[in-house]
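# A structural walkthrough
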Amino acid sequence: MSRKSSDHEYNLRSLSNLMGERRKKPNDDTGERSLIKAASSSSINSQATATAASTGDLERAARKQFQEDVTPSFVYVLAGFSALGGFLFGYDTGVVSGVMLLLKKEMNLSALWQELLVSSTVGAAALSALAGGVLNGFWGRRPCILLASFLFSVGAVMLSVAPSKEILLVGRVVVGLGIGVASMTVPVYIAESAPTHLRGRLVTINTLFITGGQLFASVIDGAFSYLPKDGWRYMLGLSLFPAVLQFFGFLFLPESPRWLIQKGKTQKARRVLSQIRGNQNIDEEYDSIKTSIEDEEKESGGDGPVIWRMLTYPPTRRALIVGCGLQMFQQLSGINTVMYYSATILQMSGVKDDKMAIWLAAVTAFTNFTFTLLGVWLVEKVGRRKLSLGSIAGTALSLFVLAVGFLVSAQHSPPITLHPADPSTLNNTCTTYGFCSDCMLNPDCGFCYRLNGSSVVDSSCDHVNKASTGEAAWGRCSNETAMADGTFWAYNYCPTSYSWTVLMGLVMYLIFFAPGMGTMPWTVNSEIYPLWARSTGNACSSGVNWMFNVLVSLTFLHVTEYLTYYGAFFLYSGLAALGFLFIYGCLPETKGKKLEEIESLFENQLCTCGVSDSDEGRHVEYIRVKGSNYHLSDNDASDVE
C-alpha cells in the first residue's frame, strides 16, 4: 500500500525498501524497528545513511500517522451506540430538575420526598455500579450494556404510568440500576475497543452524550411544562426510545477484544480486532494484549478476589485511589446539585415563574453540553492532567461566585413588615422572622407580599398550606381569590433583582467544570487499570461516584436550610479547592500511552506520580527479543535485529 509523494506524506514502499537495506548492513546491531517518518520519498531515500537514533524517531511517527489515516468508520459506530448509554444516563438524571417543580405541586411532595425521588436513582446506581464489576468480569461488556438498556426501558414505562409517588420511587430505582451498570461499562467498552490515538476522544464522547442527554431533558422539561396536568409523565417516559434503540443496536455489535482474550477466546478476539481495525495489521496489538494479560496475572498473584489483589498490589492500589478520588471530588464539587436542582436553585435566587426557571435551567444544560464538546477537542491536545487541573480551579472559583450571588441576594432580602397572629393551632414560628431570606429557610413557611412598583410592601411570613405549597394556610395568600388584588405568594424564593448573579455563577461553573472535571474522571478511570482489574476498578470508582452523588443530592435541601444558600455553595467551593490539591499531587498524564503501558505510571509513591510532566512527549516502545520483553528508550541509538 503506498501514498502519493509530497511534503509531509509517507511512502510506505520506500520505507520497506529502506528497512531491507538496513538489515543487510554487516555493522548493524541486532534488533528490529518499525516504519519511519520522513517529509517525502526523496528525503526517505536520503535517510538511508542517517543515524539509527533519528531513524527510530521517524519510524514511530510514520506508524502513528498510518494508523490515524486508516481508522475504520466501524469504530465510530461502535462508540456511538455505546454512548447512547451515556445519553440515557444524562437524560434520566437531568429530567428530574423540571419534573420536581411540577411533581411537588401535583403530588404535594415534601422536601424529604423530593430528595428521595432524586437520590433513590443515584443510590440504586451506586449499588449496580459495584455489582457491574462482577457482571462485567463474568458476562462481558456487551451483555451488561444490553442489561442496562433493558432496565432503562422498564423504568421509563413505570415512570410514565405511575399512579402514586411510591410507584414513582420504584421506577426511579429501576432506572438507577440501569444507570449504574451503564456508567461503569460504557467507558471501559469504548476504551478497550478504540485505537490508542483516539481512545481519549472516544471515551470523552460518552460524557458528551451524557451532557447531551441533560440538554435534551431540559428542552423536554420546558416543552411539557405548558401542559395543565401530567406533563411530567411525558418527561419521564420519553427515555424509552433511545433505550430500545441501544438494545437492538447492541444485538449486532461485538464483545470487547481484550475481554475475549482474557477469557481465552482468541480466535473470536482476532476476528473482532480485524473488524474494528479495518485493514491494519492486528498481530502486534494482539500479541501486546495477550502478553500484558499473562504478565499481569503473574504479577497480581492470581489468587483471591480481584479487589483484594488490587489492594495488595501497589500499582493497582495507587491507581484505585486516584480513580476513586477523581470521582469523589467530581461529586463534592457540586455538579449534580447544579444539574438535579438547577431549576430549584434558580427559583431560590428569585425567579418566580416555574416555566421561566425550567427554561433557564435549559440554558445551563446547553452550556454544559457546549463546553463538554470543547473537552472532547482538548483531551488529546492538552492532556488529562492539565485539563483536570484547570477545570477544578475554575470550578472552585465559580462556586465562590455562586455563593457570593446568594449572599448579595440575602443581604438585600425584603424585610417582613406584617406579623399577623396565627388564629389556629398551627406552628407560629413563621411569624417570628424578620426577613424573607430567614422565612425561606423554613420549609413550612412562605412569603406573602404586595408590590408598589418594584418595591416589596405589606409583607408577611405565613404558614404554608399542607395540601399545596402554592398557597398559605390562612390569610391574604390562602387562595387565588384572596391573591387577586395584587398580593403574591412566594414559596422557596424571595423576590429580588439579583437573580442574574446566580444565573451567571451557574453558567460560569459549567464553563469550567464541563471540559475537565465533567469528563476526565470517566476517561482516566477507563485507562489506568490493567485488564485483570479494569472491571473491578471501574466498578469501585463508579460506586464511589454514585455514593457521593447520593450524599450530595440527598442532603442539598437540608444543607441549604441549616447553612443557608450561600453557606452551602461556600462549602462546595472549599471542597473543590481540596480536589485541586489532590489532582495536582496524584494524577499522572496518560495521553498518548497504550493501555498496557499505563500501569508503570503508578510504580512510584502515590502523591509523586502526578508532580512531574517530564515524560510528556516521550515515546516509549516495547519490542520482543527472543520471546521476552525489552524496553527501548528514545535515547537507544542502536537497532535490535
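Quick note: structure is the one above.
What counts and what doesn't
Residues numbered from 1 in each chain as written. Predicted model: local features only at pLDDT ≥ 70, side-chain atom pairs only at ≥ 80, totals over all residues. Heavy atoms only, no water. Phe/Tyr/Trp six-rings, centres within 6.5 Å; stacked < 30°, edge-to-face > 60°. Helix = DSSP H or I, 4+ residues; strand = E, 2+ residues; numbered from the N terminus. Buried < 20%, exposed > 50% of the residue type's maximum accessible area, 1.4 Å probe, protein only. Lys NZ or Arg CZ within 6 Å of the ring centre and 35° of its normal. Pairing = 2+ DSSP bridges. Expected span 1.5 Å × (residues − 1). Bend = angle between axes of the 7 residues up to and from the residue. Axes fitted to C-alpha atoms, helices over the stretch in contact; angles between N-to-C directions. Parallel < 35°, antiparallel > 145°, perpendicular 65-115°, else oblique. Left-handed = near helix turned anticlockwise from the far one by under 90°. Core = buried A, V, L, I, M, F, W, Y, C linked by side-chain atoms within 4.5 Å. Contact = heavy atoms within 4.5 Å. Salt bridge = Lys/Arg side-chain N within 4 Å of Asp/Glu carboxyl O. Disulfide = S-S within 2.5 Å.

This paragraph deals with the packing of aromatic side chains. Following the criterion strictly, the structure yields 16 aromatic pairs and no others. Each ring, one from Tyr 91 and one from Phe 216, has its centre 6.0 Å from the other, and the planes form 40°; the classification is tilted. With Tyr 91 in helix α4 (residues 74–94) and Phe 216 in helix α9 (residues 199–224), this residue pair connects regions lying 125 residues apart in the sequence. The exposure class assigned to Tyr 91 is buried, which follows from its relative accessible area of 1%. Judged by relative accessible area, which is 40%, Phe 216 ranks as partly exposed. Centre to centre, the rings of Phe 556 and Phe 569 are 6.1 Å apart; their planes meet at 70°, and the pair counts as edge-to-face. In this structure, Phe 556 and Phe 569 share a single accessibility class: buried. Ring-pair connections join several aromatic residues into one group, and the members of that group are Phe 406, Phe 556, Tyr 565, Phe 569 and Tyr 572. Across from the ring centre of Tyr 286, 4.7 Å away, lies the NZ or CZ of Arg 270, which sits over that ring. Arg 385 extends its terminal NZ or CZ atom over the ring of Tyr 584, reaching a point 5.4 Å from the ring centre.

Here the focus is the pairing of strand β2 (residues 455–465). The sheet contact formed by strand β1 (residues 445–452) and β2 spans seven bridges and is antiparallel. Following the sheet pairing, Gly 446 is matched in β2 by Asp 462. The hairpin formed by β1 and β2 contains two residues between the paired strands, and Gly 453 there has a positive phi angle of roughly 70°. Here two bridges tie β2 to strand β3 (residues 468–472), and the two strands are oriented antiparallel to one another.

The next point concerns helix α8 (residues 165–193). Residues spaced three or four apart along an α-helix face the same direction, because each turn holds 3.6 residues. In this model, α8 (29 residues) spans 42 Å end to end at C-alpha, consistent with the 42 Å of a helix rising 1.5 Å per residue. At Ala 182, α8 is deflected by roughly 25°, the largest bend along its length. Burial of α8 is extensive: 22 of the 29 residues sit out of reach of the surface.

A word on the packing of α4 against α9. Packing of α4 against α9 brings their axes to within 6 Å, and their N-to-C directions diverge by 40°. Considered as vectors, α4 and α9 are oriented oblique to each other. Where α4 crosses over α9, the handedness of that crossing is right-handed.

The biggest cluster of nonpolar side chains holds 65 residues, and the ones touching the most others in it are Val 99, Leu 103, Phe 152, Leu 168 and Trp 546. At nine residues, α8 tops the list of elements feeding residues into this core. Not counting residues up to four positions away in its chain, the partners in contact with Phe 152 are Gly 85, Leu 88, Phe 89, Asp 92, Val 175, Gly 178, Ile 179, Ala 182 and Ala 243. Ranked by size, the runner-up nonpolar core spans 59 residues in total, among them Val 322, Cys 430, Val 552 and Phe 582.

Next up on the list: the pattern of salt bridges. The tally for this structure, following the rule as stated, stands at five salt bridges. With a closest N to O distance of 3.1 Å, Arg 534 and Glu 192 form a salt bridge. Taken together, the positions of Arg 534 in helix α24 (residues 531–586) and Glu 192 in helix α8 put the pair 342 residues apart, joining distant regions of the chain. Glu 192 shares its class with Arg 534; the two are buried. Arg 233 is paired through a salt bridge with Asp 230; the nearest N and O atoms lie 3.5 Å apart. Overlapping salt bridges bring together Arg 141, Glu 192 and Arg 534 as one network.

Once that is clear, we can look at helix α16 (residues 314–332). Taking 1.5 Å as the rise per residue, α16 with 19 residues should run 27 Å; its terminal C-alpha atoms sit 26 Å apart, in good agreement. For α16, a buried count of 15 out of 19 residues is recorded, marking the element as mostly surrounded by other parts of the structure. Phi turns positive, to about 90°, at Gly 334, one or two residues after α16.

For the rest of this paragraph, the subject is the sheet that holds strand β4 (residues 487–490). Working definition: the strands of a sheet are paired by backbone hydrogen bonds and lie parallel or antiparallel to each other. Read from one edge of the open sheet, four strands run β3-β2-β1-β4, paired in antiparallel fashion. Of all strands in the sheet, those with a lone pairing partner are β3 and β4, marking the two edges. Between one strand and the next, the sheet's axes are offset by a mean angle of 35°, whatever the strand orientation. In this sheet, β4 lies alongside β1 in antiparallel orientation, the contact comprising four bridges. Looking across to β4, one finds that Cys 448 is bridged to Trp 489.

Time to look at unusual backbone geometry. For Asp 230, which is not a glycine, the phi torsion comes out positive at approximately 65°. Looking at the element boundaries, Asp 230 is found in the loop between α9 and α10 (231–237). Relative accessible area serves as the criterion here: at 24%, Asp 230 is assigned to the partly exposed category.

Right, let's get into the state of the cysteines. Tallying each qualifying case throughout the model produces four disulfides. A disulfide bridge connects Cys 430 with Cys 445, and the sulfur atoms are separated by 1.9 Å. For the disulfide bridge between Cys 430 and Cys 445, the dihedral angle about the S-S bond is near -85°, and by the sign convention the bridge is left-handed. Placement of Cys 430 in the loop between α20 (384–411) and α21 (436–440) and of Cys 445 in strand β1 is noted, with a sequence separation of 15 residues between them. The class of Cys 430 is buried, set by a relative accessible area of 3%. According to the relative accessible area criterion, Cys 445 is buried, its value standing at 1%. Here Cys 439 connects covalently by a disulfide to Cys 461, the sulfurs 2.1 Å from one another. Given an S-S torsion of about 85°, the disulfide between Cys 439 and Cys 461 has right-handed geometry. Of this pair, Cys 439 sits in helix α21 while Cys 461 sits in strand β2, and the two are 22 residues apart along the sequence. You'll find Cys 439 and Cys 461 in the same group, each marked buried. The thiol sulfur of Cys 540 is not disulfide-bonded, and the nearest other cysteine sulfur, from Cys 324, lies at 5.9 Å. According to the relative accessible area criterion, Cys 540 is buried, its value standing at 18%.

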